[in-house]
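Structural features, examined
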Amino acid sequence: MGGVRSPLRSDARRARRTAARTAAGRTAAAPVRPARTTAVLAAAGVCGLVAAGAALGVAESAAVGVRVEAAPLNAVGAAVVDATPAAVKDWAIRNFGEDDKLVLKSGVLVLLTLFALALGALTLRMRRTGSAGVLAFGVLGAAAALSRPGLGAGPADALPSAAGAVVGAGVLYGLSGLLRPPGGERHPPSAPGQSDASDTDGADGADGPDAADESDDPGRLPGADAAPASPGSAPPQPPFDRRRFALAAATAAAASGGAWVLGRELRAGRAAEAVASRDRLRLPEPASAAPPVPPGADLGIDGVPPFLTPSGDFYRVDTALVVPRVDAASWRLRIHGDGVPRELSLRFADLLRRDLIERHVTLTCVSNEVGGSYVGNARWIGVPLAPLLREAGVRPPSRGGPADQLVARSVEGMTIGTPVETVMDGRDAMLAVGMNGEPLPFDHGFPVRMLVPGLYGYVSACKWLTELELTTFDAYDPYWVRRDWAARAPIKTQSRIDTPRPLATVEAGRVPVAGVAWAQHRGVERVEVRVDGGPWRRARLAAEDSVDTWRQWVWTWDAEPGSHTLQVRATDRGGDVQTAARAPVLPDGATGRHSVVVDVV
Ligand SMILES: Nc1nc2c(c(=O)[nH]1)N[C@H]1C(S)=C(S)[C@@H](COP(=O)(O)O)O[C@H]1N2
Ligand SMILES: [Mo]
């Protein structure tokens, strides 16, 4: 509570200085008021902060009884994420990368701190209005929680914010009541012409008439009125009973800290069940194992990522401010919708009893800039999706089925739409349960995520999956489509130079230029490199694992001194050459060619 004490102590010093000046015969009113005002203001700020902390602490532990997402910080953060225009979101992903969530949470906290300070200051003049302000924030938090009707969300999501706000408002009201002159004494009568509305207030915050409490008189703070009316009267009153205030503030802060910690602990306990369910899980042997990675698929060149991306290095893109911790034991998947004669409801164990496939698949994010890092290749184990849909009676549109869109829903309310035709066209679309030989990491969708080779993640790769609904593209726009991204988005043919790095300095002579290229489900046919806009040179391609995986490539450059621009392009099996035309990532993926400028010495 150092933040509480120091302003009070410095106030004591100021009061002494003021007293000395007063004794020296200076006019009291003008110089005294700012000093006391500062002390009272600081204490009022403390009131605001403690009240905000109490509100958050209570809300946090209340959220344990509802859902993590219903805790106000999470709810407001999520609502901000949802309301952020696609272009801004994309800018944030680009500039903050995987720290974007941290930046968002910090931003919300900073704003909240400022508002808390402001409300604290407001209570000095309008005690009830200030406290009511806390309630207004509760309404905001509740509205944010309710604005995300994810699965399992309901009116109860408003409760944590409401409970927090009521407690926070009470704390603010009570604490600010202590910012009045001590001893229950009435202030000395005001000099003529000075209206002194707060004089009618009881010193202990047992409020007098409303009009006094809601005084709008500018420049007049309750504590400041404790200044002696004239030199030579009674010794200067401290603006309020500091000890009492500090004790109350510290108690409230400690209690709300306790509530916060309790909430965290309870939540951790719940997460522990999910963690245990993951630890217990032994993935069955796949009925159809991935063909071994061909020798030569990994060129082993310094600076080029390995053919298989370790799960810990795999990029992560999602809107989840709290990574869902789903207990596999209580997980369910429901498959239903248009043209589903036999609805399915599956448990995790039901999935594992089916024939599993294991495949290498390269996943790419639509937000990946040309040359960007939102692409990774893993060995996935999962249940083939098309047979599951057929069991439910689903027919693709080409066979007369009424639904052309498969909407996947996650436990936290994400919706991702995929063409039914694509899912059932024979590719290895799956409900993945394993990644690189282990159960899915929580970050990547434990216990089950969808995966469809050849489609960007936002139209295929729903993590923390819990529902599959058959519908049409006409009838339903999933999450990202409502935010201006394309409804259909096959991955575009791309290539990237990983070495040399941009603006690297290299020695003249033979320099390996290398990287990766991808054209999922079509396959990479050719990669070419050129220097300073010269003729295209064919790079050596690493062995192909499958059309669904990226390929490394290398070209040996006879580098001459000077500044040079290297550029790369890939051609896919369909004969399409990666276009030079630049397109932004919105709405359906960036195009253009990656270039790197290097200095040769
Ligand atoms: N539940 C959920 N699933 C999601 C997302 C999300 O925000 N929430 N993002 C999608 C996007 S945009 C991508 S690119 C992939 C990323 O998967 P990864 O984080 O495992 O790499 O997940 C997809 N699945
Ligand atoms: Mo993505």
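The structure under discussion appears in the preceding block.
First, a word on scope: everything that follows refers to the structure included in this document. Since this is a predicted model, take the numbers as computed values, not measurements. (Residues numbered from 1 in each chain as written. Chains lettered and ligands numbered in written order. Predicted model: local features only at pLDDT ≥ 70, side-chain atom pairs only at ≥ 80, totals over all residues. Heavy atoms only, no water.)

As a further point, take unusual backbone geometry. Residues Phe446 and Pro447 are joined by a peptide bond in cis, for which omega reads 5 degrees. Within the element layout of this structure, Pro447 appears in the loop between strand S8 (438–439) and strand S9 (449–451). A cis amide bond links Thr499 with the next residue in sequence, Pro500, at an omega value of -5 degrees. Structurally, the position occupied by Pro500 is in the loop between strand S11 (494–499) and strand S12 (505–506). Its identity is not glycine, yet Asn436 carries a phi of approximately 55 degrees, on the positive side. For Asn436, the location among the structural elements is in the loop between strand S7 (430–435) and S8. Among the residues examined, Asn436 registers a relative accessible area of 21% and is labelled partly exposed. One non-glycine residue with positive phi stands out, namely Asp484, at about 80 degrees. Residue class for Asp484 comes out exposed when judged on its relative accessible area of 58%. (Helix = DSSP H or I, 4+ residues; strand = E, 2+ residues; numbered from the N terminus. Buried < 20%, exposed > 50% of the residue type's maximum accessible area, 1.4 Å probe, protein only.)

Moving on to the nonpolar core. One broad trend across soluble globular proteins is that nonpolar side chains are buried collectively. Ile335, Trp380, Leu385, Leu431 and Leu468 are the most contacted members of the largest nonpolar core, which has 91 residues in total. In contact with Ile335, other than residues within four places in its own chain, are Val340, Glu343, Leu344, Leu346, Leu388, Leu389, Ala392, Leu468 and Leu470. Within the second largest apolar cluster, 22 residues are counted, among which are Ala504, Ala519, Ala570 and Val600. (Core = buried A, V, L, I, M, F, W, Y, C linked by side-chain atoms within 4.5 Å. Contact = heavy atoms within 4.5 Å.)

What the rule picks out here adds up to nine aromatic pairs. Aromatic pair Tyr479 and Trp480: ring centres 4.9 Å apart, planes at 80 degrees, arrangement edge-to-face. For the pair formed by Tyr479 and Trp480, the shared burial category is buried. Through a chain of ring-to-ring contacts, the aromatic side chains of Phe314, Tyr315, Tyr374 and Trp380 assemble into a single cluster. In this structure, Arg127 packs its charged tip against the face of Tyr173, placed 3.8 Å from the ring centre. (Phe/Tyr/Trp six-rings, centres within 6.5 Å; stacked < 30°, edge-to-face > 60°. Lys NZ or Arg CZ within 6 Å of the ring centre and 35° of its normal.)

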